[in-house]
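Letter by letter, the chains look like this.
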Amino acid sequence: MRCKAMIAAGMAAVFAAAMYFSVEGAGAAELSLIPIPEKVVVKAGEFVLTADTVIVADRGAGAIGEYLAKLVGPATGFKLKVAGAGTKQRAKKTIKLRIDPEAKSLGPEGYKLKVGASGVEISSSATAGIFHGVQTLRQLLPARIESEARVEGVKWAAPCVEITDKPRFRWRGLMLDTGRHFFPKEFVLKYIDEMALYKLNNLHLHLTEDQGWRIEIKKHPELTKIGAWRGKSTSKDLFLSPSGPAHGGFYTQEDIREIVAYAASRYVTVMPEIEMPGHSQAALASVPGLACTNQKFKVLTHWGVNKEVYCAGNEKVFEFLQDVITEVAGLFPGEYIHIGGDEVPKDRWKECPKCQARIKAERLKDENELQSYFVSRMEKFINSKGKKLIGWDEILEGGLPPRATVMSWRGISGGIEAARQGHDVVMSPTTALYFDYKQAAEGEPNVGSPLPLCRVYAFEPVPAELTPQEAAHILGAQGNLWTEHVETPEHAEYMTYPRAAALAELTWSPASAKNFGDFLARLNPLLARMDIMGVNSRKPKADEQSQCN
Ligand code: ACM
Ligand code: ZN
């Protein structure tokens, strides 16, 4: 085959898209990749998917082969055969999914993708890399491959390329707040599918809040019987509408198992967040005796920072939370359990005899150290279940628990401090990664300071002031979708995309490859693809960059 090779690597990757667009015979839209791969060699020619193409999968990659066959099935009408490696193929064309122990240097998520006129090969040292390679192949195929209905008259071609790719960071996350508004299981599964397209790999489910408890706990059924439901809101602050309706819902343990398994098949880890000691009024309303006072609580119907928190002096609270964590640890196979830890007013603790007795008995200096005691005690328990604790950056106050990972949200300074103390960090600052903030100064739904796409894209997760050793503690970055003002799946998608596409590029691609203009050119065809997928993304305006000037 005559090959007109063009190489884009490392520093030169910025030019990759420009080169894509100049390739003879290949449509620009079909060559738009996000996140941009580490190294791309575009060649002349194309691979055309046909009904007799066979997917040949190494042992362990069979499920990914089935996934790919299912992905391309509805639009093409092809029922692609998935065969094990080693079985003789008479078919002219194959898509090989190959486990290659030699590819270890790319890490478990890295992959090589070779698209030639007579076949495709995706290889990686692990199945995660093969899955990501499949996503790249998917983005090389015409956007209409995403159609749920049969599409006639399309040549299902991918341009010939050789791609070598691996992620810059291991943590490429999105958080969905299901506490303020409940999102049905079906939407969570769809959200996971959307993440997979962009190689995002951590879904943080915020499951408990003042305004709702969203996960079934068998030992405490009141949590969802009472805590998952709130009355009609009279506050215009929680809802977009001046007077929001009664609201509720929760995930059964069966739902959670289904979500976790579905996510695993898309190489996404689901991380649960069980908030403590604050943001816990739905639990206080459900289980008596967890607060500092005997007051009767209702699930909160407005948002804000709430003074009602778990009592830190009452053993019953720790027993309760250990019950919850025990069930949660059994449901989520991932490494981490998020315990929140943010926004904990100390008013009740200051007045509570039990909390003050705890401060005295444990020789603590003040209520900040009491919070540190609370979180450290839960860390020991979480570690005993084989999990690691992660919390919002307030867990630095009063002293970090010994092994805790910090999610830096009030800017990046908490992340810097934690990394300097030798703790792992995930960056998710309000200034760059709060996807509930509106997307432009004018004409966009939601509140908060404008957080335009260009600002998300410009975010650098590793602060310049860190030494290389400290910088190694930055696991990656995460976009957070708080839902005080987001009621529907359509609205959630609108707030998430395209900003999550920018997040994908800044967490996956080499920093040297970043170029906003180039990203926008690749983004538009991908958003058209998402339209076909039924995803309600915001479309960038012609002067999008001016939002950051
Ligand atoms: C937060 O936004 N309160 C973590
Ligand atoms: Zn108390």
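Residues numbered from 1 in each chain as written. Chains lettered and ligands numbered in written order. Predicted model: local features only at pLDDT ≥ 70, side-chain atom pairs only at ≥ 80, totals over all residues. Heavy atoms only, no water.

A. Local environment of empty space enclosed by the protein. Evaluation of the coordinates by the stated rule reveals 1 cavity of 30 Å³ or more. Considered as a void within the structure, the largest cavity measures approximately 40 Å³ in volume. Forming the walls of the largest cavity are Phe 47, Leu 49, Leu 68, Val 72, Ile 95, Leu 137 and Leu 141. Considered class by class, the residues forming the lining of the largest cavity number 7 nonpolar, no polar and no charged. (1 Å grid on protein atoms, 1.4 Å probe; cavity = no way out; pocket = protein on both sides within 12 Å on 5 of 7 lines; lining within 4 Å. Points joined across faces, edges and corners; volume = space filled by probe spheres on them. Nonpolar A, V, L, I, M, F, W, Y, C, P; charged D, E, K, R; others polar.)

B. Expanded view of the environment of Lys 350. As for its placement among the helices and strands, Lys 350 is situated in helix H9 (residues 347–351). Separated by 58 residues in the primary sequence, Lys 350 and Cys 292 have C-alpha atoms spaced 9.9 Å apart. Setting aside chain neighbours within four positions, we find Lys 350 in contact with Gln 356 and Glu 367. (Helix = DSSP H or I, 4+ residues; strand = E, 2+ residues; numbered from the N terminus. Contact = heavy atoms within 4.5 Å.)

C. Representation of the coordination of the zinc ion (ligand 2) in the model. Taken together, Cys 292 (SG), Cys 311 (SG), Cys 352 (SG) and Cys 355 (SG) make up the protein donors of the zinc ion (ligand 2), found 2.3 to 2.4 Å from the metal. If you look at the zinc ion (ligand 2), its 4 donor atoms make angles of 107 to 113 degrees with each other, and the shape they trace is tetrahedral. In primary-sequence terms, the residues that donate to the zinc ion (ligand 2) follow C-x18-C-x40-C-x2-C. One end of the pair, Cys 311, is in the loop between helix H7 (281–286) and helix H8 (315–331); the other, Cys 355, is in helix H10 (residues 353–361), and 44 residues separate them in sequence. (Donors = N, O, S within 2.8 Å, 3.2 Å for Na, K, Ca; no water. Tetrahedral: all angles 85-135°; square planar, octahedral: opposite > 155°, others 65-115°.)

D. Broad picture of the sheet that holds strand E9 (residues 171–177). Pairing is parallel around the closed barrel formed by 8 strands, whose spatial order is E9-E10-E15-E16-E17-E18-E19-E20. When the angles between neighbouring strand axes are averaged without regard to direction, this sheet yields 30 degrees. (Pairing = 2+ DSSP bridges. Axes fitted to C-alpha atoms, helices over the stretch in contact; angles between N-to-C directions.)

E. Local environment of the confidence of the model for the chain. When pLDDT is averaged across the chain, the result is 92; 93% of the residues are at 70 or more. Mean pLDDT per element in the chain: strand E1 (residues 6–9) is the minimum at 34, and strand E10 (residues 202–206) is the maximum at 99. Low pLDDT, under 50, characterises residues 1–30; the stretch is placed with 61 contacts to residues that sit more than four places away or in other chains. (pLDDT = per-residue confidence, 0-100.)

F. Summary view of the side chain of Glu 444. The residue Glu 444 is located in the loop between helix H13 (430–433) and helix H14 (453–458) in this model. Here Glu 444 falls in the buried class, since its relative accessible area comes to 14%. Within the structure, the side chain of Glu 444 is placed 2.9 Å from the side chain of Arg 538, a separation counted as a polar contact. The residues touching Glu 444, leaving out its near neighbours within four places in the chain, are Lys 438, Gln 439, Tyr 494, Arg 538 and Lys 541. (Buried < 20%, exposed > 50% of the residue type's maximum accessible area, 1.4 Å probe, protein only. Polar contact = N/O pair within 3.5 Å; in protein donor to acceptor, adjacent residues only side chain to side chain.)

G. Representation of the layout of surface pockets. Space inside the largest pocket adds up to approximately 580 Å³. As for the largest pocket, its lining consists of 23 residues, of which Tyr 67, Leu 71, Asp 193, Tyr 262 and Arg 266 are closest to the centre. Looking at the lining of the largest pocket, the element that brings in the most residues is helix H2 (residues 62–76), giving 7 residues. Here the residues of the lining of the largest pocket are counted per class, giving 11 nonpolar, 3 polar and 9 charged. In this structure, the second largest pocket spans a volume of roughly 390 Å³. Forming the walls of the second largest pocket are 17 residues, and the residues nearest its centre are Asn 201, Asn 202, Tyr 267, Val 268 and Thr 269. Only helix H6 (253–265) and strand E15 (269–276) provide two or more residues apiece to the lining of the second largest pocket. Ranked by residue count, the leading element in the lining of the second largest pocket is E15, at 3 residues.

H. View of the pattern of salt bridges. Counted according to the given criterion, the structure contains 34 salt bridges. Its salt-bridge partner being Arg 538, residue Glu 444 comes within 2.9 Å of it at the nearest N-O pair. Here Glu 444, found in the loop between H13 and H14, pairs with Arg 538, found in the segment after helix H18 (516–532); they are 94 residues apart in sequence, far enough to count as distant. For the pair Glu 444 and Arg 538, one class covers both residues: buried. (Salt bridge = Lys/Arg side-chain N within 4 Å of Asp/Glu carboxyl O.)

I. Quick peek at the packing of aromatic side chains. On inspection of all chains with the given rule, the structure shows 19 aromatic pairs. When the centroid spacing of 5.7 Å and the interplanar angle of 75 degrees are considered together, the rings of Tyr 434 and Tyr 437 count as edge-to-face. Directly above the ring of Phe 318 sits Arg 377, whose terminal nitrogen or CZ lies 4.0 Å from the centroid. (Phe/Tyr/Trp six-rings, centres within 6.5 Å; stacked < 30°, edge-to-face > 60°. Lys NZ or Arg CZ within 6 Å of the ring centre and 35° of its normal.)

J. Layout of the pairing of strand E5 (residues 94–99). Two elements, strand E3 (residues 54–57) and E5, share 4 bridges in a ladder whose sense is parallel. Along E5, the bridge assignment pairs Val 56 with Lys 96. Both E5 and strand E7 (residues 119–124) contribute to a ladder of 6 bridges, which runs parallel. Considered in E7, the bridge of Thr 94 is made with Gly 119.

K. Geometry of the state of the cysteines. All told, the structure shown has 1 disulfide when counted by the stated rule. Each sulfur in the disulfide pair Cys 454 and Cys 548 lies 2.0 Å from the other. Across the S-S bond linking Cys 454 and Cys 548, the dihedral sits near 95 degrees, which makes this disulfide right-handed. In this pair, Cys 454 sits in helix H14 while Cys 548 sits in the segment after H18, placing the two residues 94 residues apart along the sequence. Exposure remark for Cys 548: the relative accessible area of 30% places this residue in the partly exposed category. (Disulfide = S-S within 2.5 Å.)

L. Structural context of the environment of Val 41. Within the secondary structure, Val 41 sits in strand E2 (residues 39–48). Separated by 31 residues in sequence, Val 41 and Val 72 have C-alpha atoms that sit 25 Å apart.

M. Quick look at the nonpolar core. If you look at the biggest cluster of nonpolar residues, it comprises 127 residues, and the most contacted ones within it are Tyr 198, Trp 213, Ile 215, Tyr 310, Phe 320 and Phe 374. With 9 residues, the top contributor of residues to this core is H8. Each residue touching Tyr 198, except ones within four places of it in the same chain, is listed here: Ile 34, Pro 35, Tyr 497, Ala 501, Ala 504, Leu 526, Leu 527 and Met 530. Among the nonpolar cores identified, the runner-up in size contains 40 residues, and Val 42, Ile 163, Ala 196 and Trp 508 belong to it. (Core = buried A, V, L, I, M, F, W, Y, C linked by side-chain atoms within 4.5 Å.)

N. A look at the pairing of strand E17 (residues 388–392). Among the 5 residues of E17, 4 are classified as buried, and the element is accordingly described as predominantly covered. Pairing between E17 and strand E18 (residues 405–408): 3 bridges, direction parallel. When the sheet's bridge partners are listed, Gly 391 is paired in E18 with Val 406.

O. Highlighting helix H3 (residues 127–140). For H3, with 14 residues, the first-to-last C-alpha span of 20 Å sits near the 20 Å given by 1.5 Å per residue. In terms of burial, H3 is largely enclosed, as 13 of its 14 residues are buried. (Expected span 1.5 Å × (residues − 1).)

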